[in-house]
Amino acid sequence: MSRSIPSQQGTLWGHPKGLFLLFSTELWERFSYYGMRALLVLYLTAQTTAGGLGWTQADALKLYGIYTGLVYITPLIGGWLADTFLGQRRAIVFGAIMMAAGQFTLALPHAMFPGLVDQVFYVGLALLIAGNGMFKPNISTMVGDLYEQGDHRRDGAFTIFYMGINLGALLAGFVAGAVAAEWGWQAGFVAAGIGMLISLLIQALLSQRYLGDIGRVPAAQRAAAQRSAAQKAPLTKQEVDRIKVILVMGLFTIIFWAGFEQAGGLMNLYTQNYTDRMLGGFEVPTAWFQSLNPFFIITLAPLVAAIWVKLGKREPSSPVKFAMGLLFLAVGFLFMIGAVLQQGGDETVKTSMFWLVGAFLFHTLGELCLSPIGLSMVTKLAPLRLASLMMGAWFGFVALANYAAGMIGSYVGESGAMSIFGGIAITAVASAAILLVFANKLIYWMHGAEGHAEEPTHTADDVVVTSH
């Protein structure tokens, strides 16, 4: 891969300084996203007299599922535009501008638009969705572009990058929650918008210095320059096999995130309505519980990374790590089942915060086994000319999961929390078992990308796949 990184860039903690620029850009973008997400369902269900929209819980959860689903499906379009026309750097800047505009649109006072409050709200969401589509797949792909193929530092880089994501999310829950509690929902959206502006400024002012030409030229143009005329159009058999791994693993990531994303929807409402949030004379704001996951990420990620290093050659493959993630997700929902059992069918009973803390802890362990590993895996397996598009496809699976999460949560009034929490736990365990059965086949299709399998004697690189 031909790249130009300024020679004076240097390294920090053994990684290119450009990684920490991308870390900072993503940190403040995630601050913006998670700040808004922590407030969204609560804002929708709050009474209009309290500055909310007065929606029912079912309608709010359905909207939450549609919004978060679209947030993760639009990266397919944004990745294609970056690969084909814009380049990743321009796509990121355009996306950041749209997302900042979206947050400040949500922050407009209701009194400015009598009778049109819902319509203005939808405009703000649309800007956030479109902007995220341009931003999300491309910044993740650029992390991979900092490293040559086979560089052992890549997985570690994504762990560092992932900590940036979660540091932003940790700050978001506290800041947006506190600001909204003190000055109202619109003030919370302003705080999220300010975070997005900081992200935009970091990227616009410092990217050339620390990234050089990375992300400037569309990936399709770079790939075309490297390949001979005979190689341009068709994918090789090895490339097709690796894409199959991405697609198969994507199916299992849907199961994980459909459960995990109950955090911002059903679990958020459960925290608000059924959890004893009193610590002495202080009532913990509901939005603060959204910071438990990033807090655990930041504290546990170094430990998990150290365990992988300690295992050395015995380190599990990506499919096995995914299965572990699904099992941890199931354990987390056992804690939520415990909370429901404590209620004993009496909705006036407030349950212990212990159950939520335990659920978020195990969900976080599952996330560490799955999410950064998945991002790194896509950059290893995706063909260069389809790099951002495949990252967009990966987020497309997350989109389906988020939509499913909202739909699943919306049935709480009909099925009850016990059925939903228990059903997710059972599905996660069954999916982990299936994944373990097929793990060796998936490793073979990776063709040595993770070093767990030897290449076949007959090399697949020169075999061209034709249509039948």
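For clarity, every value in this text was computed on a predicted model and none was experimentally measured.

Rules used in this analysis
Residues numbered from 1 in each chain as written. Predicted model: local features only at pLDDT ≥ 70, side-chain atom pairs only at ≥ 80, totals over all residues. Heavy atoms only, no water. Helix = DSSP H or I, 4+ residues; strand = E, 2+ residues; numbered from the N terminus. Rg over C-alpha atoms; globule rule 2.2 N^0.38 Å. Buried < 20%, exposed > 50% of the residue type's maximum accessible area, 1.4 Å probe, protein only. Contact = heavy atoms within 4.5 Å. Areas by Shrake-Rupley, 256 points an atom, 1.4 Å probe, with all protein chains shown as cover. Lys, Arg positive; Asp, Glu negative; His and termini not counted. Charge placed at Lys NZ, Arg CZ, Asp CG, Glu CD. Core = buried A, V, L, I, M, F, W, Y, C linked by side-chain atoms within 4.5 Å. Phe/Tyr/Trp six-rings, centres within 6.5 Å; stacked < 30°, edge-to-face > 60°. Lys NZ or Arg CZ within 6 Å of the ring centre and 35° of its normal. Salt bridge = Lys/Arg side-chain N within 4 Å of Asp/Glu carboxyl O. Expected span 1.5 Å × (residues − 1). 1 Å grid on protein atoms, 1.4 Å probe; cavity = no way out; pocket = protein on both sides within 12 Å on 5 of 7 lines; lining within 4 Å. Points joined across faces, edges and corners; volume = space filled by probe spheres on them. Nonpolar A, V, L, I, M, F, W, Y, C, P; charged D, E, K, R; others polar. Patch = residues over 30% accessible without salt bridge, like charges linked within 9 Å, V, L, I, M, F, W, Y side chains within 5 Å.

**Observations concerning the overall build of the protein**
Part 1 of the reasoning: Scanning the protein from terminus to terminus reveals 17 helices and four strands.
Part 2 of the reasoning: In terms of C-alpha radius of gyration, the protein reaches 22 Å, essentially the compact-globule figure of 23 Å for 468 residues.
Part 3 of the reasoning: Considering only C-alpha atoms, the protein reaches an extent of 65 × 50 × 45 Å along its principal axes.
Part 4 of the reasoning: When burial is assessed residue by residue, the protein has 56% of its 468 residues classed as buried.
Part 5 of the reasoning: Taking as baseline every contact in the protein between residues at least 6 positions apart, the subset at least 24 positions apart corresponds to 83%.
Part 6 of the reasoning: Here the protein has roughly 19,100 Å² of accessible surface; of this, 67% comes from carbon and sulfur atoms.
Part 7 of the reasoning: For the protein, the centre of its 27 positive side-chain charges and the centre of its 26 negative side-chain charges are spaced 9 Å apart.

**Considerations on the nonpolar core**
Part 1 of the reasoning: Core analysis: the biggest nonpolar cluster contains 129 residues, and Leu 19, Tyr 67, Phe 121, Trp 394 and Phe 421 have the highest contact counts within it.
Part 2 of the reasoning: By residue number, the principal contributor to this core is helix H1 (residues 17–45), which donates 16 residues.
Part 3 of the reasoning: Not counting chain neighbours up to four residues away, the residues in contact with Trp 394 comprise Ile 246, Met 249, Gly 250, Thr 253, Phe 322, Gly 374, Leu 375, Met 377 and Val 378.

**Section: the packing of aromatic side chains**
Part 1 of the reasoning: What the rule picks out here adds up to 26 aromatic pairs.
Part 2 of the reasoning: With 5.8 Å between their ring centres and 55° between their planes, Phe 121 and Tyr 122 make a pair best called tilted.
Part 3 of the reasoning: Given the relative accessible area of 3%, Phe 121 is considered buried.
Part 4 of the reasoning: Stacked on the ring of Trp 445, the Lys or Arg Lys 244 has its end atom at 4.2 Å from the ring centre.

**What about the pattern of salt bridges?**
Part 1 of the reasoning: Going through the model one piece at a time under the given rule, you end up with seven salt bridges.
Part 2 of the reasoning: Taking the shortest distance from any N to any O, the salt bridge between Asp 241 and Lys 244 comes out at 3.2 Å. Placement of the pair is Asp 241 and Lys 244 together in helix H9 (residues 237–260), with a separation of three residues, close to one helical turn.
Part 3 of the reasoning: A relative accessible area of 3% places Asp 241 in the buried class.

**Details of helix H2 (residues 57–73)**
Part 1 of the reasoning: Its 17 residues place the ends of H2 24 Å apart at the C-alpha level, agreeing with the 24 Å of an ideal helix rising 1.5 Å per residue.
Part 2 of the reasoning: Buried within H2 we find Ala 60, Leu 61, Leu 63, Tyr 64, Gly 65, Tyr 67, Thr 68, Gly 69, Val 71 and Tyr 72.
Part 3 of the reasoning: Along its buried surface, H2 packs onto H1, helix H3 (75–86), helix H5 (117–145), helix H10 (266–274) and helix H14 (387–410).

**A closer look at H9**
Part 1 of the reasoning: An ideal rise of 1.5 Å per residue puts 34 Å on 24 residues; H9 measures up with 34 Å between its terminal C-alpha atoms.
Part 2 of the reasoning: Burial within H9 is extensive, with 17 of its 24 residues counted as buried.

**Points about the environment of Ala 176**
Part 1 of the reasoning: You can see Ala 176 is positioned in helix H6 (residues 154–183).
Part 2 of the reasoning: Residue classification places Ala 176 among the buried positions, given a relative accessible area of 3%.
Part 3 of the reasoning: Measuring from C-alpha to C-alpha, the distance between Ala 176 and Leu 27 comes to 15 Å, with 149 residues separating the pair along the chain.
Part 4 of the reasoning: Leave out the neighbours within four places in its chain, and Ala 176 touches Gly 35, Leu 39 and Gly 188.

**Examining the side chain of Ser 371**
Part 1 of the reasoning: With respect to the helices and strands, Ser 371 occurs in helix H13 (residues 353–381).
Part 2 of the reasoning: Residues in contact with Ser 371, not counting those within four places in the same chain, are Tyr 162 and Trp 257.

**Digging into empty space enclosed by the protein**
Part 1 of the reasoning: Counted according to the given criterion, the structure contains three cavities of 30 Å³ or more.
Part 2 of the reasoning: As a volume, the largest cavity reaches approximately 320 Å³.
Part 3 of the reasoning: Around the largest cavity sit 28 residues that line it, and Tyr 34, Tyr 72, Tyr 162, Trp 257 and Ser 371 are the ones nearest its centre.
Part 4 of the reasoning: Counting only elements with at least two residues in the lining of the largest cavity, the list comes to H1, H5, H6, H9, helix H11 (292–311), H13 and H14.
Part 5 of the reasoning: For the lining of the largest cavity, the element with the most residues is H13, which contributes six residues.
Part 6 of the reasoning: Looking at the second largest cavity, the residues that line it are Tyr 43, Thr 105, Leu 106, Leu 108, Pro 109, His 110, Phe 113, Val 117, Val 120 and Phe 121.
Part 7 of the reasoning: Looking at the lining of the second largest cavity, the elements that each hand over two or more residues are helix H4 (88–106) and H5.
Part 8 of the reasoning: Tallying contributions element by element places H5 first for the lining of the second largest cavity, with three residues.
Part 9 of the reasoning: Grouping the constituent residues of the lining of the second largest cavity by class yields eight nonpolar, two polar and no charged.

**Some remarks on unusual backbone geometry**
Part 1 of the reasoning: In this model, His 447 sits at a positive phi of 55°, which is unusual for a non-glycine residue.
Part 2 of the reasoning: Assignment of secondary structure puts His 447 in the segment after helix H17 (439–445).
Part 3 of the reasoning: Assessed through its relative accessible area of 2%, His 447 is described here as buried.

**Examining a nonpolar patch on the surface**
Part 1 of the reasoning: A cluster of nonpolar residues, Ile 66, Leu 70, Ile 73 and Tyr 403, forms a patch on the protein surface that exposes about 320 Å² of accessible area.
Part 2 of the reasoning: With three residues, the top contributor of residues to the nonpolar patch is H2.
Part 3 of the reasoning: Note on Tyr 403: relative accessible area 41%, which makes it partly exposed.

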